[in-house]
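# Descriptive analysis of the structure
Residue-level listing of the chains:
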Amino acid sequence: MRAMQPDVEGYVERDGVKVGYEVFGSGPVAVVFPPVDPIVHSRVWKAQVPYLARYARVVTVDPRGNGRSDRPSTVDAYRDVEMVADTLAVMDEAGIGSAVWVGLCFSGWLSLLAAARHPERVDAVVAIAPQMLSLTPPLPARARYDWAAPLDTDEGWAKVNQHYWRRDYRGFAEFFFDQLLFEPHSTKQFEDAVGWALETSPEPLILHHDAPRATSTAAETAALLAEVRCPVLTIHGDQDRCQPIERSALVAELTGGRMVTLAGVGHLPVAREPVVVNHLIRSMLPAAPARTWTRRLNRPKRALFLSSPIGLGHTARDVAIARELRQARPGLEIDWLAQHPVTEVLHRAGERVHPASAWLASESAHVESEAGEHDLHAFGAIRRMDEILVANFMVFADLAESEPYDLWIGDEAWDLDYFLHENPELKTAAYAWLTDFVGWLPVGGDTGRTADLTADYNAEMVEQVARFPRLRDRSVFVGDPGDLVPLPLGPGLPSIPDWTRSHFDFSGYVTGFDPAAVADRDALRASLGYGPDEQVCVVAVGGSGVGTALLRRVAAAHPVAQRLVPGLRTVLVTGPRIDPSVVPAAPGLEVLHYVPDLYRHLAASDLAIVQGGLSTTMELTACRRPFLYVPLRNHFEQTVHVRHRLDRHRAGRRLDWEETTPDALAAAIAAEIGREVDYVPVDPAAATRAATLLADLI
């Protein structure tokens, strides 16, 4: 799922060639991304568009030969002047007179060409690793091989050869982007780039390679650059294996611009270093509005809380921790950077949701879009949420820059933790990280590639924390040491328990409520309208929209279960993101939408049926109620981490999805309802302990 959908998408047609474009945002200025190169299309800017669209009207243009644009079959159709004309035609169609042009590689050249030939349409240029073929010699590794002649080798840069492209285009794309994304832990960016390359064929790339350029000598190119009068910024990684860094230096010199060198970075910083690139592009837009600064000693103490929206359990525990934190630090002001469905809980709890939250891209909607029938490959879903995480971190970064806080708290706020470690210079407050699991893990049939990827993600985390051990001022594991899964983080990596014990404090599990408040079950049931002799089964599927299939399964099993448990009353709770109408009506079956204090219904029940989410299952454990839990298929956290913790607590009965046929589910209901339990207790003081750990940072 995209972090932002276009406000406008369409085509312009020039000389019979249709060119696709998209427009985002409605700011007072414009940013235009001209066509990069037929090997990729405009999605290469996915980490930039949502951020810049908060400040400007952003236009992306697909190149002739890829994306939604046509694939013309003549070499002249791919000339650089044609692609500049395409971009100008898109600007005309969108009603944009002039804009900041941002280009990468070939489109860096297009931006400078437009600035020289059409100065009235270009306010500024950001050229990232610009491709200026005639300005300097190519890198030595690329200069060794002939482009047009058949070669007797396919090794290395010999793959940049038209005959090889026609013979093994995928092989070229994989080699090429492996060179461009040499930085460790670039697997997702590599897959994206190769995928975009495979949306076209070698023929458009060959035609583009052979197309004439507006300048053909170094002197002509230098003369053209000398005509550029607008501000110019060049950005270049000093480990670029595609374009010589000297080209960016010469461009800056000849245009009177400035250059930023990114040390240790390759050719695609837009993908690998998006936060830095986003801020640099933003610096070329009109100045930000004036801000008011208050001397720290003259302002109240403030904390910014980020709570994961993937499930509502984080929110309940975070609200409990926030209340305890205010007790420990009277006068503390807490803002929340949060999104639906977290905001539902926060508003009801009287918490302040910061207005900047409106800019956040929906993580819950993304997860729901990834789900199948009671199936969610959680690791893959998070991995494919990369552009949403970038966009949401940029919201945080701007907020943290504009408003001072004494403490940032991130409860499984993956965007915050990852990009802070990637950009530690942005840390301006104490920072605390909370999580209830450690370690991405392969599950089920996940072997080979997926096992390698989870290990790579874990290795990156280990390396980040080792490199910046003081970036997290406190890491809190919401649980006990025994809750850690006794597995390695990956080949050659430490075990999950060993690494976590070395880097975390332990708070115990935070339920978000006091079990003593629901200890009088008779009074509780009466307050909820449950009769003293009723057999009540409560079914809940959390705060996302992933649980529809389980609700329907229980509804189908209800008539069978009623025959086994006469008078059975089944209460289905859909949560805030599922329409109650998706569950069919039946006698003795009732459907509730969002229940703010779900734990009260769980505590009052004779049996609960839930997914394998940690929050709901641990609430049931704390309330000492019997329950069935059905982990989402392919959900590594539910099938490994949560199962391990519940086994330790001797809590619940696990059912696989395949065991939830009407007859099997009804039999399980009859066997478990009202059963006496012997669970390991859940520490009721965990919220206080977590708050104490955080209070020391303020």
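Attention here is on the structure that accompanies the text.

### Some thoughts on the overall build of the chain
The helix and strand inventory of the chain stands at 27 helices and 21 strands. On C-alpha atoms alone, the chain measures out to a radius of gyration of 28 Å, which is about the 26 Å that the 2.2 N^0.38 rule sets for 698 residues. Dimensions of the chain, computed from C-alpha atoms along their principal axes, come out at roughly 90 × 60 × 50 Å. Expressed as a percentage of the 698 residues in the chain, the buried residues total 59%. Looking at the chain alone, contacts between residues at least 24 apart form 73% of all its contacts between residues at least 6 apart. Surface accessibility of the chain: about 26,300 Å² in total, with carbon and sulfur atoms responsible for 51%. On the chain, the mean spot of the 67 positive side-chain charges and the mean spot of the 91 negative ones are 3 Å from each other.

### Concerning the packing of aromatic side chains
In total, this model carries 26 aromatic pairs according to the counting rule given. Their ring planes at 40 degrees and their centres at 4.7 Å tell us that W165 and F172 sit as a pair that is tilted. Owing to a relative accessible area of 5%, W165 belongs among the buried residues under this scheme. One aromatic cluster in this structure is built from W147, W157, W165, F172, F175, F176 and F177. Between the NZ or CZ atom of K18 and the centre of the ring of Y11, over which it lies, the distance is 4.4 Å. R54 extends its terminal NZ or CZ atom over the ring of W359, reaching a point 5.6 Å from the ring centre.

### Quick look at the side chain of T87
Residue position: T87 is located in helix 2 (residues 80-94). A polar atom in the side chain of T87 sits 2.9 Å from the backbone oxygen of M83. Discounting chain neighbours no more than four positions away, the residues touching T87 are V32, P34, P35, V61 and W101.

### Section: unusual backbone geometry
In this structure, P341 follows H340 across a cis peptide bond, with omega equal to 5 degrees. Its location among the elements puts P341 in the loop between strand 10 (333-337) and helix 14 (342-348). Look at D15: it is not a glycine, yet its phi comes out positive at around 50 degrees. The phi angle at H374 is positive, at roughly 45 degrees, despite the residue not being glycine. Checked against the element boundaries, H374 lands in the loop between helix 15 (363-370) and helix 16 (378-383). For H374, a relative accessible area of 0% translates into the label buried.

### Here's the deal with the sheet that holds strand 17 (residues 569-573)
With parallel pairing, the 6 strands of this open sheet are ordered in space as 18-17-16-19-20-21. Looking at the sheet topology across the chains shown, the edges are occupied by strand 18 (589-592) and strand 21 (653-654).

### So, the sheet that holds strand 10
The 7 strands are arranged 11-10-9-12-13-14-15 in an open sheet whose pairing can be described as parallel. Of all the strands in the sheet, the pair left with one neighbour each is strand 11 (352-353) and strand 15 (505-506). In this structure, strand 9 (residues 302-307) lies alongside strand 12 (residues 407-411), joined through 5 bridges in parallel fashion. Among the inter-strand pairings, L304 is bridged to a residue of strand 12, identified as W408.

### Observations concerning helix 2
Spanning 15 residues, helix 2 covers 21 Å between terminal C-alpha atoms, matching the ideal 21 Å at 1.5 Å per step. Across the 15 residues that make up helix 2, a large majority, 11, are buried. Positioned one or two residues after helix 2, G95 has a phi angle of 75 degrees, which is positive.

### Observations regarding the environment of M91
Along the chain, M91 turns up in helix 2. By relative accessible area, which is 0% here, M91 ends up buried. Each C-alpha atom of the pair M91 and V61 lies 9.8 Å from the other, and the pair is 30 residues apart in sequence. Contact partners of M91, with chain neighbours within four places excluded, come to V32, I96, G97, S98, A99, W101 and R121.

### What about the packing of helix 17 (residues 386-402) against helix 18 (residues 414-422)?
Helix-helix packing is characterised by the crossing angle of the two axes and by the distance between the axes. Relative to each other, helix 17 and helix 18 sit at 80 degrees, their axes nearing to 9 Å. By the angle between their axes, helix 17 is roughly perpendicular relative to helix 18. Packed against helix 17, whose contacting residues are L389, V390, N392, F393 and F396, the element helix 18 presents W414, D415, L416, F419 and L420 at the interface. Class assignment for the residues of the contact of helix 17 with helix 18 results in 8 nonpolar, 1 polar and 1 charged.

What counts and how
Residues numbered from 1 in each chain as written. Predicted model: local features only at pLDDT ≥ 70, side-chain atom pairs only at ≥ 80, totals over all residues. Heavy atoms only, no water. Helix = DSSP H or I, 4+ residues; strand = E, 2+ residues; numbered from the N terminus. Rg over C-alpha atoms; globule rule 2.2 N^0.38 Å. Buried < 20%, exposed > 50% of the residue type's maximum accessible area, 1.4 Å probe, protein only. Contact = heavy atoms within 4.5 Å. Areas by Shrake-Rupley, 256 points an atom, 1.4 Å probe, with all protein chains shown as cover. Lys, Arg positive; Asp, Glu negative; His and termini not counted. Charge placed at Lys NZ, Arg CZ, Asp CG, Glu CD. Phe/Tyr/Trp six-rings, centres within 6.5 Å; stacked < 30°, edge-to-face > 60°. Lys NZ or Arg CZ within 6 Å of the ring centre and 35° of its normal. Polar contact = N/O pair within 3.5 Å; in protein donor to acceptor, adjacent residues only side chain to side chain. Pairing = 2+ DSSP bridges. Expected span 1.5 Å × (residues − 1). Axes fitted to C-alpha atoms, helices over the stretch in contact; angles between N-to-C directions. Parallel < 35°, antiparallel > 145°, perpendicular 65-115°, else oblique. Nonpolar A, V, L, I, M, F, W, Y, C, P; charged D, E, K, R; others polar.

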